[in-house]
Amino acid sequence: MARIIVVTSGKGGVGKTTSSAAIGLGLALKGNKVVLIDFDIGLRNLDLIMGCERRVVYDFVNVINGEATLNQALIKDKRVSSLSVLPASQTRDKDALNKENVGKVLEELGKSYDFIVCDSPAGIEAGAMMALYYADEAIVTTNPEVSSVRDSDRILGMLASRSRRAELGLEPIKEHLLLTRYSPKRVAEGEMLSVEDVEDILSIPLLGVIPESQAVLKASNAGEPVILDTDSDAGQAYQDVVDRLLGDTVDFRFLVAEKKGIFSRMFGG
């Protein structure tokens, strides 16, 4: 059976879709069969980040309504044959999803894939609840700021009480913390929460710390998941995240601001 992983957050704009794309592609590059599902009905951004927006013919809601088969709606990634994308609908309402029809789609996908990565909408509305309901694991994505961390704490409450596992009294969803847009320099200047601050508040295991990086925006605009930019700090950090998800022990990087050399200090380099 596939590992169903939801990438979620309490607040929008923290990098869920960027993270879903990077992690999904990273898992596929390691030889796993992976499907990425966009649960953000009505908006749909995952296909843009993956660079397959022009290839969308059918979507998640078409499959649920019996207007298309899964094979018709799934878009195979051109870079890695073991990766597919199931896009969201831009024209339907979020109420198009319900537990029964989402469950059927996930059950069918689970027969063919090793990982199902669900890109959740932010917050606790219907689409977000559908994305987390069947999850085995949750990657709680947050920025190092108080409002984002507080909203993530609320999501943890939902994971513990509103999931299928909670309803059936099964082992709880395995929770991971992903801290994005992290700047050690701004932490040192008191403008941002530290990794330790966020861990103390949320009390879940740290999966990764993604540094603030222009490479993320550049990759998104190019339709290339940033994990492919192996020269960037962000790309390397996402690779570390994938390795940890696969059970490897990897030291955390990019947590301390780089110290400038004497010439940089003198000449402002």
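Basis of the calculations
Residues numbered from 1 in each chain as written. Predicted model: local features only at pLDDT ≥ 70, side-chain atom pairs only at ≥ 80, totals over all residues. Heavy atoms only, no water. Core = buried A, V, L, I, M, F, W, Y, C linked by side-chain atoms within 4.5 Å. Buried < 20%, exposed > 50% of the residue type's maximum accessible area, 1.4 Å probe, protein only. Contact = heavy atoms within 4.5 Å. UniProt positions renumbered as here; feature names shortened; annotations may be inferred. Helix = DSSP H or I, 4+ residues; strand = E, 2+ residues; numbered from the N terminus. Arc of directions from axis to C-beta. Pairing = 2+ DSSP bridges.

1. Digging into the nonpolar core
The biggest cluster of nonpolar side chains holds 50 residues, and the ones touching the most others in it are Ile37, Phe39, Phe60, Leu86, Leu109 and Ile116. Setting aside anything within four residues of it in sequence, one finds isoleucine 116 in contact with Ala2, Arg3, Ile4, Ile5, Val35, Ile37, Leu106, Leu109 and Gly110. Core analysis: the next-biggest nonpolar cluster, separate from the first, contains 37 residues, Ala22, Leu27, Val216 and Val242 among them.

2. Let's talk about the UniProt feature "binding site: ATP" (unreviewed entry) in the chain
What UniProt calls "binding site: ATP" (unreviewed entry) maps, in this numbering, to Lys11, Gly12, Gly13, Val14, Gly15, Lys16, Thr17 and Thr18. For glycine 15, the location among the structural elements is in the loop between strand S1 (3-8) and helix H1 (16-29). Those residues in contact with glycine 15, other than ones at most four positions away along the chain, are Thr141 and Tyr238.

3. With respect to the environment of isoleucine 64
Take isoleucine 64: it is sitting in helix H3 (residues 60-64). Beyond its immediate stretch of four places on either side in the chain, isoleucine 64 contacts Ala96, Leu97, Asn101, Val102 and Val105.

4. Quick look at helix H10 (residues 195-202)
Taken together, the buried positions of H10 are Val195, Val198 and Leu202. Projection of H10 onto a plane perpendicular to its axis shows the buried side chains occupying an angular sector of 70°, all on one side. For H10, the secondary structure elements touched by its buried residues are strand S6 (137-142), helix H7 (146-161), strand S7 (174-182) and strand S8 (206-211). Residue serine 203 follows H10 closely and has a positive phi angle near 55°.

5. Brief notes about the pairing of S6
Within S6, six of the six residues are buried, which leaves the element mostly enclosed by the surrounding structure. By the alternation rule, side chains of S6 split into Glu137, Ile139 and Thr141 and Ala138, Val140 and Thr142, which are all buried. Looking at chain direction, S1 and S6 are connected through four bridges and run parallel. Note that in S6 the partner of threonine 8 across the bridge is valine 140. Strand direction decides the pairing type here: S6 and S7, joined by six bridges, are parallel. Bridge assignment links isoleucine 139 to a residue of S7, and that residue is histidine 176.

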